[in-house]
Number of protein chains: 2
Amino acid sequence: MATIKDVAQKAGVTVTTVSRVLNNRGYLSKDTRDKVFQAMEELNYKPNAIARSLYAKKSGIIGLILPALRHPFFAELAGFIEQYANLHAYKLLVCDSNHDALREKEFVDLLKSNQIDALIMASHTLDVREFAGLDYPIVTFDRIIDGLSYVCSDNYRGGVLAAERLIHVGCEHVAHICGNLQLDLLSNDRTKAFLDVMDKHGINPIIVQTQTDVFDYKHYDNMIYPLLKDHPHLNGIFATSDLLAAHVLRACYEMNIKVPGDLRVIGYDDVSLSELLVPQLTTIHQPIQEMAEMAVILATQAQEADRFQQAHVFPVHMIQRYTC
Amino acid sequence: MATIKDVAQKAGVTVTTVSRVLNNRGYLSKDTRDKVFQAMEELNYKPNAIARSLYAKKSGIIGLILPALRHPFFAELAGFIEQYANLHAYKLLVCDSNHDALREKEFVDLLKSNQIDALIMASHTLDVREFAGLDYPIVTFDRIIDGLSYVCSDNYRGGVLAAERLIHVGCEHVAHICGNLQLDLLSNDRTKAFLDVMDKHGINPIIVQTQTDVFDYKHYDNMIYPLLKDHPHLNGIFATSDLLAAHVLRACYEMNIKVPGDLRVIGYDDVSLSELLVPQLTTIHQPIQEMAEMAVILATQAQEADRFQQAHVFPVHMIQRYTC
DNA sequence: CTGAAAGCGCTAACAT
DNA sequence: ATGTTAGCGCTTTCAG
């Protein structure tokens, strides 16, 4: 691997000069500049970003910790984050915690060790205290942590929209499927809102939560099939992710429950999967792309302390397709 | 950010000693060791991986370039690769080329600059020559490049299985939907095999290819709807990815074509999406997890040059669900 | 058992 | 317009 020294030697100058043409700083005669470029070319020289980082105390890397890359929401999110990170000349180090608090903690340490310039945190099994003493900007998805900016969709509004829609179309026997509510997540507001509205209408939904410690989507089925079986009169379901809703639709098909005829289903996220389902899923759209962009901007551009804005809440709206 | 110097100072020793306890090398008195640990604790010291990399000339980072994180196959692949990389104490730098040759090239340079220890290449719009002069191990997904190991599924066998199945169930009006065949990919063997078998049975499938320069999955629909509309007698389709097949199923539903009654559909990949579809997709299973593991092993463990093995082909089999 | 010093590849004062 | 030199944080000979 050619270093700056090799280039300098080959071009008959010192490393300073090479560094200068590399960074286009100071005065250079066209002649030396050309010589240096040619030497670089011949040696297929690429500056060592590690050495540069060491000096600059900036690695140009954003860390992203998420609970599961194979979850369509996080896959899309990661894709957009990568894209915007790149646009801002940052690289993305992706860590998949698999919902495991220990791995999450290890990743936080790992990323600190690796001198990342910012962390985007979308996995939240970890206790808040673990974030103390980290000296890079942290942006959080769907969770509030003191002193850190967060990005989320208007979860409460989303829950309201879903509830009102189900009520509007006359659902009375309603179930709600959500992630585990033990986790201190803003997405729990979807549930809260949903129950608030339902309560106002005298409806008391059945609530089913996923487990925190099961990493296999088969366990979705293990909760959904019994739910549908034990409650044949159910006529409305709000699931807090499109992936959950997809499992519901598939179960309905297999149990010969007609959607939306017998049962209305509403999801949340509006990932591209939702358009692929049969029937296409009615869902609450959250602007994943814009949220990803905001996360990168927050991570990337140091905010002046005096006008630090913690909350970055994005509007949601309902996408009415064919399941409700 | 505390450095090794700060720790040394606080513990009343030199940096050498701190380095020793850090790496657990040489003789240390229990006393100094304790003092050093305590100082580290108090300063919340984490060694600077950048500085270590600079010295060691190893970054501990594997680069992964893929065409689209939002494609379920690549999302799953990336998830598994991340997992195995982590198991081998490597970090993963993910680059999403979005099928763009220029970005791909930039990523190769970027990763070289960043001193990655190995590259896993799953995006292939790039010319082979661009890989010359890269001084880290490269392993390739689904493409053969001279001198580099590659990992793939037994694409030809997969195509045969799909064709035989369609023929077995009596399909005679057959279409084939695949990625763009201009790209020099091993997955083209799926097509080749499929056509070989069909030809043997005197069947001449309609072939539809995706475009290389369109990054939006809506364009899948733009090819699928016309196909189904213009060929109402079609009774069998082999799509070279589950995602493509999912689009077919959705289109069928909307055009009131019964699957598998009117039309049989077979996909390829066996991503978790395929189990979510309605009806659940019959598909060719490729062992994504094992392939990811192999890629990481190849990337990670330098092979002795004398018994370098280029091809790592994984067996496929058909998963018979409800679409064929 | 511990310290001094050199060096990994690069950048930036500070000369000249 | 170019060179000399110190230093980023860490590891490792080599001394003691």
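Up top is the structure.
Let me sum up the structure you'll find in this document. (Residues numbered from 1 in each chain as written. Chains lettered and ligands numbered in written order. Predicted model: local features only at pLDDT ≥ 70, side-chain atom pairs only at ≥ 80, totals over all residues. Heavy atoms only, no water.)

1. Notes on the overall build of chain A
Each helix and strand counted, chain A has 12 helices and 12 strands in total. Against the compact-globule benchmark of 20 Å for 324 residues, chain A has a radius of gyration of 25 Å, which places it well outside the compact range. The C-alpha extent of chain A, read off along each of the three principal axes, is 85 × 40 × 30 Å. Contacts in chain A between residues at least 24 apart in sequence constitute 71% of all its contacts with a sequence separation of at least 6. Carbon and sulfur atoms make up 50% of the accessible area of chain A, which amounts to about 14,300 Å² in all. Once the 30 positive and 39 negative side-chain charges of chain A are each reduced to a mean point, those two points are 8 Å apart. (Helix = DSSP H or I, 4+ residues; strand = E, 2+ residues; numbered from the N terminus. Rg over C-alpha atoms; globule rule 2.2 N^0.38 Å. Contact = heavy atoms within 4.5 Å. Areas by Shrake-Rupley, 256 points an atom, 1.4 Å probe, with all protein chains shown as cover. Lys, Arg positive; Asp, Glu negative; His and termini not counted. Charge placed at Lys NZ, Arg CZ, Asp CG, Glu CD.)

2. Quick word on the sheet that holds strand 9 (residues 264-269) of chain B
Residue and element names in this part refer to chain B. Here we have 6 strands laid out as an open sheet, ordered 7-6-8-9-10-12, and mixed in their pairing. Strand pairing shows two members of the sheet lacking a second neighbour, strand 7 (206-209) and strand 12 (317-319), which therefore form its edges. Averaged over all neighbouring strand pairs, the angle between strand axes comes to 20 degrees, with direction disregarded. In this structure, strand 9 lies alongside strand 10 (residues 282-285), joined through 4 bridges in parallel fashion. Paired with Tyr-268 across the two strands is Ile-284, which belongs to strand 10. Relative to strand 6 (residues 174-178), helix 8 (residues 188-200) is tilted by about 170 degrees, and along the sheet it contacts strand 6, strand 7, strand 8 (236-239) and strand 9. (Pairing = 2+ DSSP bridges. Axes fitted to C-alpha atoms, helices over the stretch in contact; angles between N-to-C directions.)

3. Some thoughts on the packing of helix 1 (residues 4-11) of chain B against helix 3 (residues 30-43) of chain B
All names here are of chain B. Interaxial distance between helix 1 and helix 3 falls to 9 Å at its minimum, and their mutual angle equals 125 degrees. Regarding the angle of helix 1 to helix 3, the classification is oblique. Taken as a pair, helix 1 and helix 3 cross one another with a handedness that is right-handed. From helix 1, Asp-6, Val-7, Lys-10 and Ala-11 reach across to helix 3, where they touch Lys-35, Val-36, Ala-39, Met-40, Glu-42 and Leu-43. (Parallel < 35°, antiparallel > 145°, perpendicular 65-115°, else oblique. Left-handed = near helix turned anticlockwise from the far one by under 90°.)

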